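Remarks on the overall topology
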Amino acid sequence: MLKLKTLVMVLCLSVAMTTTAGGVLAHGSSHFKMDKGEFQTLIDKGYAKKDIYHAKGIAYFAKKDIEDVLNHYQKSGSWEKTASHFGVDLKKMKAKHKKMKAKHEKIKKFYKENEEEILIFIAGYSSLSIEELKKIQQDNSLKTQQLMRAAIIAKLSNSALVDIVNEQKMGKKFYEIAKNRNVKKNEFIKEMKRIHHEMEENIRS
């Protein structure tokens, strides 16, 4: 059985990987992201942030409610016992995390090495000139991957890219913007995978 320190590391790193947010995440990495409202509700009930994150990881693999996991943890005082109670194999969880991390790093490398080609693709995808797109990116200090997420939300919601970026600039998370514009998680992930494959094909050709 993995030690508690290892469990905490696996869960925290897994949560940290989901940087786009709660119902709509890029590259299928939305496993541990929580809805902001759900998170705040648990905080208001007195649960510690770190415990919520840990419980979310176990809840995802066990397909259980987060609060059920938190309640069991409070009774047992052990994340190992809690994971075992819900039938979660910590070794498999660790392997899943490593696979996700490797995929995440591969995608980051792809974006870094092909930034200009990807920006040209996003410009065409968004019906903008490359100059217009670069101005939006520079004015809002957006990374290429952030620009891609905004472009997908804009496309799926029939919105202008600049409107999505402006909302993000005002402090909204991409998942909030997507949710407010009725963009579903499965639609976003499907479109992200589709255009990522298309970009790879275009760059290789």
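Everything that follows concerns the structure shown earlier in this document.
Residues numbered from 1 in each chain as written. Predicted model: local features only at pLDDT ≥ 70, side-chain atom pairs only at ≥ 80, totals over all residues. Heavy atoms only, no water.

This brings us to the overall build of the protein chain. Regarding its fold elements, the protein chain presents 12 helices and 0 strands. Each helix and strand of the protein chain, placed in order from N terminus to C terminus, yields the pattern α-α-α-α-α-α-α-α-α-α-α-α. Looking at the protein chain residue by residue over its 205 residues, the buried ones come to 45%. Here the contacts in the protein chain between residues at least 6 apart in sequence split such that 62% fall between residues at least 24 apart. (Helix = DSSP H or I, 4+ residues; strand = E, 2+ residues; numbered from the N terminus. Buried < 20%, exposed > 50% of the residue type's maximum accessible area, 1.4 Å probe, protein only. Contact = heavy atoms within 4.5 Å.)

It is worth spelling out the packing of helix α7 (residues 115–125) against helix α12 (residues 185–204) at this point. Where α7 contacts α12, the axes come no closer than 11 Å and their chain directions differ by 125°. Overall, the two elements α7 and α12 adopt an arrangement that is oblique. Handedness of the crossing formed by α7 with α12: right-handed. When α7 is examined against α12, the residues Glu117, Ile118, Phe121 and Tyr125 are found in contact with a partner set consisting of Glu191, Arg194, Ile195, Glu198, Met199, Asn202 and Ile203. Within the contact of α7 with α12, the residues separate by chemical class into 6 nonpolar, 1 polar and 4 charged. (Axes fitted to C-alpha atoms, helices over the stretch in contact; angles between N-to-C directions. Parallel < 35°, antiparallel > 145°, perpendicular 65-115°, else oblique. Left-handed = near helix turned anticlockwise from the far one by under 90°. Nonpolar A, V, L, I, M, F, W, Y, C, P; charged D, E, K, R; others polar.)

For the coordinates displayed, the defined rule picks out 9 salt bridges. Residue Asp139 pairs with Lys135 through a salt bridge whose shortest N-O separation is 2.7 Å. Of this pair, Asp139 and Lys135 are both found in helix α8 (residues 130–140), 4 residues apart, which corresponds to roughly one turn of the helix. Across the pair Glu167 and Arg181 runs a salt bridge whose closest N-O atoms are separated by 2.5 Å. In this pair, Glu167 is assigned in helix α10 (residues 161–169) and Arg181 in the loop between α11 (174–180) and α12, connecting sequence segments 14 residues apart. What you see here is one network of salt bridges that share partners, running through Glu167, Lys172 and Arg181. (Salt bridge = Lys/Arg side-chain N within 4 Å of Asp/Glu carboxyl O.)

Turning our eyes to something else, we now look at α12. When the terminal C-alpha atoms of α12 are compared, their 29 Å separation across 20 residues agrees well with the 28 Å that a helix rising 1.5 Å per residue should span. Turning to α12, the residues buried within the fold contact α6 (90–113), α7 and α9 (144–156). (Expected span 1.5 Å × (residues − 1).)

It is worth spelling out the layout of surface pockets at this point. When its volume is computed, the second largest pocket comes out at roughly 210 Å³. Lining the second largest pocket are 12 residues, and of these Lys106, Ile107, Phe110, His196 and Glu200 lie nearest its centre. Of all elements in the fold, only α6 and α12 reach the threshold of two or more residues within the lining of the second largest pocket. (1 Å grid on protein atoms, 1.4 Å probe; cavity = no way out; pocket = protein on both sides within 12 Å on 5 of 7 lines; lining within 4 Å. Points joined across faces, edges and corners; volume = space filled by probe spheres on them.)

If you check the backbone angles, Asn158 has positive phi at about 55° while not being a glycine. For Asn158, the position within the fold is in the loop between α9 and α10. The backbone of Asn182 sits at a positive phi, close to 60°, despite the residue not being glycine. On the basis of relative accessibility, which here comes to 59%, the residue Asn182 falls in the exposed class.

Within the sequence span of α10, burial applies to Leu161, Ile164, Val165 and Glu167. End-on view of α10: buried residues confined to an arc of 160°, all on one side of the axis. Packing partners of the buried residues in α10 comprise α8, α9 and α11. Note on α10: the residue one or two positions beyond its end, Gly171, has a positive phi of about 110°. (Arc of directions from axis to C-beta.)

Take the packing of aromatic side chains next. Overall, the coordinates contain 5 aromatic pairs when judged by the stated rule. Measuring from centroid to centroid gives 3.9 Å for Tyr73 and Trp79, while their planes differ by 5°, and the two rings are stacked. Look at Trp79 and you get buried, because its relative accessible area is 3%. For the pair Phe121 and Tyr125, a centre-to-centre distance of 6.2 Å together with 15° between the ring planes defines the contact as stacked. With Phe121 and Tyr125 both in helix α7, this residue pair falls 4 residues apart, about one helical turn. Of the two residues examined, Phe121 and Tyr125, each falls in the buried class. Lys155 extends its terminal NZ or CZ atom over the ring of Tyr125, reaching a point 4.8 Å from the ring centre. (Phe/Tyr/Trp six-rings, centres within 6.5 Å; stacked < 30°, edge-to-face > 60°. Lys NZ or Arg CZ within 6 Å of the ring centre and 35° of its normal.)

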